[in-house]
Amino acid sequence: MKKRFMKNRRLFIGAVITGIMVLLAVAGVFFTPYDPNAMDTSAKLAGISLKHLMGCDNFGRDILSRILSGLGTTMLVALGTVFIGVFFGTIIGAFTGYYGGIPDEVLMRFNDAVLAFPSLLLALVFISVMGAGKLNVTIALGILFIPSYARIMRGEFLRCKNLDYVRSARLMGASDIRIMFVHILPNTVQVMLSTIAIGFNNAVLAEAGMSYLGIGVQPPDSSLGRMLSEAQSYLFIRPGYAVCTGTAIVLLILGFAMLSEGLEKNA
Amino acid sequence: MLDVIDLNIEFHDHLTPETVVYDFDLHLDEGEIVGIVGESGSGKSMSALAIAGLLSRKHMKKRGQILFDGVDLLTCSRNVLRKYQGNDICMVFQEPMTSLNPVKRIGWQVGESLRIHTSLSEEQIKEKVLKILKDVELDDPEGVYDKYPHELSGGMRQRVMIAAALVCDPKILIADEPTTALDVTVQAQIIRLLKRINKKTGTAILFISHDLSVVRKLCGRVLVMYQGRIVESGDVNEVFDSPKEDYTKRLISAIPKMEKLKYEQ
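Residues numbered from 1 in each chain as written. Chains lettered and ligands numbered in written order. Predicted model: local features only at pLDDT ≥ 70, side-chain atom pairs only at ≥ 80, totals over all residues. Heavy atoms only, no water.

### Section: the overall build of chain A
Now for step 1: The helix and strand inventory of chain A stands at eleven helices and zero strands.
Now for step 2: Starting at the N terminus and ending at the C terminus, chain A contains elements arranged as α-α-α-α-α-α-α-α-α-α-α.
Now for step 3: Its C-alpha atoms give chain A principal-axis dimensions of roughly 75 × 50 × 30 Å.
Now for step 4: Residues counted as buried form 50% of the 267 residues belonging to chain A.
Now for step 5: Counting only contacts in chain A whose residues sit at least 6 apart along the sequence, the fraction spanning at least 24 positions is 70%. (Helix = DSSP H or I, 4+ residues; strand = E, 2+ residues; numbered from the N terminus. Buried < 20%, exposed > 50% of the residue type's maximum accessible area, 1.4 Å probe, protein only. Contact = heavy atoms within 4.5 Å.)

In structure tokens form, the structure reads like this:
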């Protein structure tokens, strides 16, 4: 088991990067070099120095501190999004895939309709109705993610429901709910894990995109997307700002992407 | 105990309905071993699946009656049917490689029927599972209990399947070609095991096979099926020694025999 894990280089590197990012995010909750929102007018757009390892932004806030706390926000939003998507997607996918028939057709066509919309546009609609903010962004993105998970899980349940061991579970007198969630669900974990990893990436990007547009996480909360959009104006004066923030996003996504690919390969 | 009367099975998932079993009749008493033989596609597995209640109610039309202790399994509600499944009627499939859930431990899977049908505590279930694993003559019940299906050989898995089927002391065990996927020595062991279980617990066995010699060794009565109909039935020795129907004669003459070859030379 351990050997196999080390051998699968993608999985290994992905796990290491993700582990470091998660650690940094957790550390950012308890400790940052400076208060992420404290402004120091004398250090406006300060360059990289020992005092400010990644420099300061246009308000004189320490970028490293803001990245550390922003990482937490971004991850929290992404995790919440994935959780909502997977939870409801699995339930919908389980019932439609297992029972099939007309409800399946209706729900899946509705799914197709939702998928056909550009997701950012739909998120914009949600936000303009519910108002901006961390929680609303999470809910909006989570709802948007439900259809794609539902479709993947539906496929898995469809595949599993005619297998012999499901048939023998039915023969033991197990109820449909028990068959779905006790017998079939554990068999979908592999697919579920890699879609979760991909979904996490999409959620990070979507959150960054929405914050970039100014409808995501609201100031003074820091988030990676928000910081990137702020860094844009100073791209030529202080390129370090954009590079550091961008690198954080890239690493976060790279870690999860490699993790998901590694998981798929391990199958 | 089990009476199947005039069972007809029709497929309705295509444009034209197709009948695969005609006027199937069967009577099974407690402790009896009845064999069903016939070539592939003769409807023997279909009849068995119908008795086990595994055929879709939507896509397959069934006429006739399957009476188990007086209750018609074809028309009773799903909940009533579920009460019998696993508790009174059990089935062992042909393919031991795919019949076990790959992500669950053996002990859990064997105990599943108990968990569904009884209110025993986890310790009591474990005790019973270990006992039944021992009864099906697995060498190391405690070791097998914590293993996953991929760690077992085909013969061991088939034993586990039989254990899972028998854990609730069912009245009927339907064995759908349980030995086809196994090699000959393991086949013989499984047959002996079935016979012993039948004697010990009085579980009636409906044994489906196209291996005539196995049927002759194991069963008391036999039904011969051909193209969805029962063409001949009766005592196993009578049917095999003096077959009346043309199809049965041809089926029996298809068994390769050493003596016959020598005789011809």
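### Section: the state of the cysteines
Residue and element names in this part refer to chain B.
Now for step 1: Overall, the coordinates contain zero disulfides over all chains when judged by the stated rule.
Now for step 2: Of the cysteine sulfurs around C76, a residue in no disulfide, the closest is that of C90, at 16 Å.
Now for step 3: For the unlinked cysteine C168, the closest cysteine sulfur is that of C90, found at 6.8 Å. (Disulfide = S-S within 2.5 Å.)

### Let's talk about the packing of helix α3 (residues 106-117) of chain B against helix α4 (residues 122-135) of chain B
Residues and elements named next belong to chain B.
Now for step 1: One way to put it is that α3 packs onto α4 with a least axis distance of 9 Å and a crossing angle of 115 degrees. By crossing handedness, the relation of α3 to α4 is classed as right-handed. Where α3 abuts α4, its residues G107, V110, G111, L114 and R115 lie against E122, I125, K128, V129, I132 and L133.
Now for step 2: Of the residues in the contact of α3 with α4, the class split is six nonpolar, two polar and three charged. (Axes fitted to C-alpha atoms, helices over the stretch in contact; angles between N-to-C directions. Left-handed = near helix turned anticlockwise from the far one by under 90°. Nonpolar A, V, L, I, M, F, W, Y, C, P; charged D, E, K, R; others polar.)

### A closer look at the sheet that holds strand β1 (residues 2-11) of chain B
Residues and elements named next belong to chain B.
Now for step 1: On the basis of which strands lie adjacent, the open sheet formed by four strands has the order β2-β1-β4-β5 and antiparallel pairing. In this open sheet, the two edge strands, each paired with only one partner strand, are β2 (18-28) and β5 (71-72).
Now for step 2: The sheet contacts of helix α1 (residues 44-52) involve β1, β2 and β4 (60-68), and relative to β1 the element is tilted by about 115 degrees. (Pairing = 2+ DSSP bridges.)

### Thoughts on the packing of aromatic side chains
Now for step 1: Within this structure, the stated rule accounts for nine aromatic pairs over all chains.
Now for step 2: Relative to Y99 of chain A, the ring of Y98 of chain A has its centre 5.4 Å away and its plane inclined at 85 degrees; by these criteria the two rings are edge-to-face.
Now for step 3: For Y98 of chain A, a relative accessible area of 7% corresponds to the buried category.
Now for step 4: Each ring, one from Y226 of chain B and one from Y247 of chain B, has its centre 4.0 Å from the other, and the planes form 20 degrees; the classification is stacked. Taken together, the residues Y226 of chain B in strand β9 (residues 221-226) and Y247 of chain B in helix α10 (residues 246-253) connect sequence positions 21 residues apart.
Now for step 5: By relative accessible area, which is 9% here, Y247 of chain B ends up buried.
Now for step 6: An aromatic cluster is present here, built from F95, Y98, Y99 and F181 of chain A joined pairwise through their rings.
Now for step 7: Above the ring of W108 of chain B, the side-chain terminus of K104 of chain B is found at 4.4 Å from the ring centroid. (Phe/Tyr/Trp six-rings, centres within 6.5 Å; stacked < 30°, edge-to-face > 60°. Lys NZ or Arg CZ within 6 Å of the ring centre and 35° of its normal.)

### Concerning the sheet that holds β9 of chain B
Residue and element names in this part refer to chain B.
Now for step 1: Spatial ordering of the open sheet is given by β6-β7-β8-β3-β9-β10, a layout of six strands whose pairing is mixed. Each having just a single partner strand, β6 (89-92) and β10 (229-235) make up the two edges of the open sheet. Adjacent strand axes in the sheet meet at a mean angle of 15 degrees, parallel and antiparallel pairs treated alike.
Now for step 2: Judged from the five bridges that link them, strand β7 (residues 172-176) and strand β8 (residues 204-209) form a sheet pairing that is parallel. Directly across from I172, in β8, lies its bridge partner A204.
Now for step 3: Each of β3 (33-37), β6, β7, β8 and β9 is contacted by α1, which is oriented at about 145 degrees to β6, the strand it contacts most.
Now for step 4: Here helix α6 (residues 154-166) sits on the sheet and contacts β6 and β7; the angle it forms with β6, its principal contact strand, is near 175 degrees.

### Concerning the side chain of K161 of chain A
All names here are of chain A.
Now for step 1: Turning to its location among the elements, K161 is positioned in the loop between α6 (134-160) and α7 (164-171).
Now for step 2: Despite its burial, K161 remains without a salt bridge, the nearest opposite charge being carried by D104 at 7.4 Å.
Now for step 3: For K161, the side chain forms a polar contact with the main-chain oxygen of Y98, separated by 3.3 Å.
Now for step 4: Excluding anything up to four places from it in sequence, K161 contacts G97, Y98, V166, R170 and I184. (Lys, Arg positive; Asp, Glu negative; His and termini not counted. Salt bridge = Lys/Arg side-chain N within 4 Å of Asp/Glu carboxyl O. Polar contact = N/O pair within 3.5 Å; in protein donor to acceptor, adjacent residues only side chain to side chain.)

### Digging into the layout of surface pockets
Now for step 1: The calculated volume of the largest pocket comes to roughly 950 Å³.
Now for step 2: R170 of chain A together with L54, L55, S56 and R57 of chain B are the residues nearest the centre of the largest pocket, which is lined by 27 residues in total.
Now for step 3: At the level of secondary structure, the elements contributing two or more residues to the lining of the largest pocket comprise α3 (63-99) and α7 of chain A together with α1, β4 and α2 (78-84) of chain B.
Now for step 4: A per-element tally of the lining of the largest pocket places α1 of chain B first, with three residues.
Now for step 5: Residue composition of the lining of the largest pocket, by class: twelve nonpolar, six polar and nine charged. (1 Å grid on protein atoms, 1.4 Å probe; cavity = no way out; pocket = protein on both sides within 12 Å on 5 of 7 lines; lining within 4 Å. Points joined across faces, edges and corners; volume = space filled by probe spheres on them.)

### Points about the pattern of salt bridges
Now for step 1: As enumerated under the stated definition, the model contains 23 salt bridges over all chains in all.
Now for step 2: Its salt-bridge partner being R221 of chain B, residue E32 of chain B comes within 2.8 Å of it at the nearest N-O pair. Here the residue E32 of chain B occupies a position in the loop between β2 and β3, and R221 of chain B occupies one in strand β9, the gap between them amounting to 189 residues.
Now for step 3: Of the residues examined, R221 of chain B reaches a relative accessible area of 25% and is grouped as partly exposed.
Now for step 4: As a salt-bridge pair, K44 of chain B and E177 of chain B come within 3.6 Å of each other at their nearest N and O atoms. In this pair, K44 of chain B sits in helix α1 while E177 of chain B sits in the loop between β7 and α7 (184-201), placing the two residues 133 residues apart along the sequence.
Now for step 5: In this structure, a network of salt bridges that share partners links the residues E105, R109, D112 and R151 of chain A.

### Remarks on the interface of chain A and chain B
Now for step 1: Counting from both sides, the interface comprises 16 residues of chain A and, opposite them, 28 residues of chain B.
Now for step 2: Between chain A and chain B the total buried area reaches about 1900 Å² when both faces are included, carbon and sulfur atoms providing 58% of it.
Now for step 3: Considering only the side of chain A, the residues that lose the most area to chain B are R167, L171 and M172 of chain A, jointly responsible for 36% of the buried surface there.
Now for step 4: Between the two partners, chain A and chain B, sit eleven residue pairs in polar contact (both at pLDDT 80 or more).
Now for step 5: Looking at the side of chain A that touches chain B, the elements that each hand over two or more residues are α7 and α8 (176-184) of chain A.
Now for step 6: Of the residues belonging to the side of chain A that touches chain B, the class tally is six nonpolar, five polar and five charged. (Buried area = accessible area lost by both parts, 1.4 Å probe.)

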